[in-house]
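# Structural overview for review
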Amino acid sequence: MNIRILLVDDHTILRQGLSRFLQAQAGYEVVGEANDGCEAVKLEKQLHPDVIIMDINMPNLNGIDATRQIFSTDHSRVKVIGLSMHTGKRWVVEMFRAGASGYLSKDCDFDELLDAISFVTAGRIYLSPQIITESPDIEQLINPS
């Protein structure tokens, strides 16, 4: 059974590149693409993806607020992975507080994205090593157990 993915980013070329890469991998299916948070919230309800790859900074509704809406209106089983050029502690912590299960820098490679998808679909949290290096205390902020 394929992992159903919704891609959300306001840059068309990035969405198309990610879509082509993921579709070429066995076990992955891109079920939709959105160019802003409003469209993401709507498509999540219609398409019921397993994973949403969510940009943070987008027009109309940003990725943090879109993630918050997805989880506030529906106790969805979807896993959200933030994918952003913003790797500062504030952005990462807010995305996890909104309900995300993972966070990657847009500087990551495709293999790291596949790792993140595997982690979150297995019920684990994924945080890019780059972000941990920049903010060593961040793991305690997002997962205070």
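Above this text you will find the structure in question.
Rules used in this analysis
Residues numbered from 1 in each chain as written. Predicted model: local features only at pLDDT ≥ 70, side-chain atom pairs only at ≥ 80, totals over all residues. Heavy atoms only, no water. Helix = DSSP H or I, 4+ residues; strand = E, 2+ residues; numbered from the N terminus. Rg over C-alpha atoms; globule rule 2.2 N^0.38 Å. Buried < 20%, exposed > 50% of the residue type's maximum accessible area, 1.4 Å probe, protein only. Contact = heavy atoms within 4.5 Å. Areas by Shrake-Rupley, 256 points an atom, 1.4 Å probe, with all protein chains shown as cover. Lys, Arg positive; Asp, Glu negative; His and termini not counted. Charge placed at Lys NZ, Arg CZ, Asp CG, Glu CD. Pairing = 2+ DSSP bridges. Axes fitted to C-alpha atoms, helices over the stretch in contact; angles between N-to-C directions.

## Some thoughts on the overall build of the protein chain
- When you go through the protein chain residue by residue, the secondary structure sums to 7 helices and 6 strands.
- Reading the helices (α) and strands (β) of the protein chain from amino to carboxyl end gives β-α-β-α-β-α-β-α-β-α-β-α-α.
- Over its C-alpha trace the protein chain gives a radius of gyration of 14 Å, about what one expects of a compact globule, namely 15 Å for 145 residues.
- Seen along its three principal axes, the alpha-carbon backbone of the protein chain occupies a region of about 35 × 30 × 25 Å.
- The buried share of the protein chain, taken over its 145 residues, is 50%.
- Considering only contacts in the protein chain between residues 6 or more positions apart, those separated by 24 or more positions represent 62%.
- Roughly 7200 Å² of accessible area belongs to the protein chain as shown, and the carbon and sulfur atoms make up 50% of that amount.
- Distance from the positive charge centre (13 side chains) to the negative charge centre (20 side chains) of the protein chain: 5 Å.

## Notes on the sheet that holds strand E1 (residues 3-8)
- Strands sit in the order E2-E1-E3-E4-E5-E6 across an open sheet of 6 strands; the sheet is parallel. The open sheet is flanked by strand E2 (28-34) and strand E6 (126-127), the only strands paired with a single partner.
- Sheet topology places strand E5 (residues 102-105) next to E6; 2 bridges connect them, and they run parallel. By the bridge assignment, Tyr103 is partnered in E6 with Leu127.
- Packed on one face of the sheet, helix H2 (residues 37-47) meets E1, E2 and strand E3 (51-54) and runs near 140° to E2.
- Sitting on the sheet, helix H3 (residues 63-73) touches E3 and strand E4 (79-84), and the angle it makes with E3 is about 160°.

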